[in-house]
There are 2 protein chains.
Amino acid sequence: MKPPDSHIDLLQKPLYAHVATVRPDGGPQSSPMWFGWDGEHIRMTHTSKRQKFRNFERDPRIALSIVDPEGPLRGMEIRGTVSITHDDDEASFYQGLQRRYGRIYPIEDVDVRIILTVEATRIILIEGGSIVGVVS
Amino acid sequence: MKPPDSHIDLLQKPLYAHVATVRPDGGPQSSPMWFGWDGEHIRMTHTSKRQKFRNFERDPRIALSIVDPEGPLRGMEIRGTVSITHDDDEASFYQGLQRRYGRIYPIEDVDVRIILTVEATRIILIEGGSIVGVVS
């Protein structure tokens, strides 16, 4: 599932996705994350040592919100579930994200680097601050 | 509770807060919202007709993430609970938000306009993409 042409640029650009997850106590958590877009899936990197990973182990549901920094009344919310795989021995996926976001630095936690792949189930399109469409 | 001087500007500026809530089915929801800051509380406007209101009725817990658009590796996550009050007959709070964000337009839903006031219980400070402090 993917957004229509009107909003696809928000995935193609190296913007921040604000990622909502559910904590073990059932409360929400929100944090900005880099993401990649391969034309089909949003993918993010993380480590298996962090709270967000434990949240996903318990409940794989995710919601991401992304806004257009050039005009933040345009954006979208993507809901779905996350599947977790390990990055390779060189953390190639993470290296690719670093290049996409223009910040290259050493990766010192290759052994615990994971890839979060989002299987979207619903995309809510926002323009002018209002919902203008839903992909489901 | 409020963030230290290093991050207070993120509340003083008219940025977007990405608001995570928990839906009735226990899954996360995320959406960008305007907010006001009176030196003590983050306040937002909404209507009592929307899903987010129903989410808060069921579970008042909220998480907001805000990033510095000038350097998005700096930001914060605020967790807490929301209390709900009605805006006044002129939707004065909403009008104030419109002025803050420089977008003035008619308010046609004054009767259902509510104010969401965040009682923060934890503030997580981010710099250089890493957690540099927690206020709790």
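Residues numbered from 1 in each chain as written. Chains lettered and ligands numbered in written order. Predicted model: local features only at pLDDT ≥ 70, side-chain atom pairs only at ≥ 80, totals over all residues. Heavy atoms only, no water.

Turning to the pattern of salt bridges, a few remarks are in order. Summed over all chains, the structure comprises 14 salt bridges over all chains. Between K13 of chain A and D9 of chain A there is a salt bridge, with its nearest N and O atoms 3.4 Å apart. The partly exposed category is assigned to K13 of chain A, whose relative accessible area is 32%. Looking at D9 of chain A, the relative accessible area reads 17%, which means it is buried. Put simply, R79 of chain B and E77 of chain B hold a salt bridge, and the shortest N to O gap is 2.9 Å. When salt bridges that share partners are traced, they join D9, K13, D68 and R74 of chain A into one network. (Salt bridge = Lys/Arg side-chain N within 4 Å of Asp/Glu carboxyl O. Buried < 20%, exposed > 50% of the residue type's maximum accessible area, 1.4 Å probe, protein only.)

Another point: the side chain of S30 of chain B. For S30 of chain B, the position within the fold is in strand β2 (residues 28-33). There is a polar contact of 3.4 Å between the side chain of S30 of chain B and the side chain of S65 of chain A. The contacts of S30 of chain B, once residues within four sequence positions are left out, are H18, A20, A63, L64, S65 and E77 of chain A together with V19 and A20 of chain B. (Helix = DSSP H or I, 4+ residues; strand = E, 2+ residues; numbered from the N terminus. Polar contact = N/O pair within 3.5 Å; in protein donor to acceptor, adjacent residues only side chain to side chain. Contact = heavy atoms within 4.5 Å.)

When chain B is fitted to chain A, the best match, at an RMSD of 0.0 Å, comes from turning it 180° and sliding it 0.0 Å along the axis. Interpreted geometrically, this transformation is the action of a two-fold axis. In terms of proximity to the rotation axis, the leading residue of chain B is A20 of chain B, whose C-alpha is 2.8 Å off the axis. Mapped onto chain A, 100% of the interface residues of chain B are again interface residues, and the two copies thus contact each other with one and the same surface. (Least-squares fit on C-alpha atoms with pLDDT ≥ 70 in both.)

These figures come from the coordinates and say nothing about function on their own.
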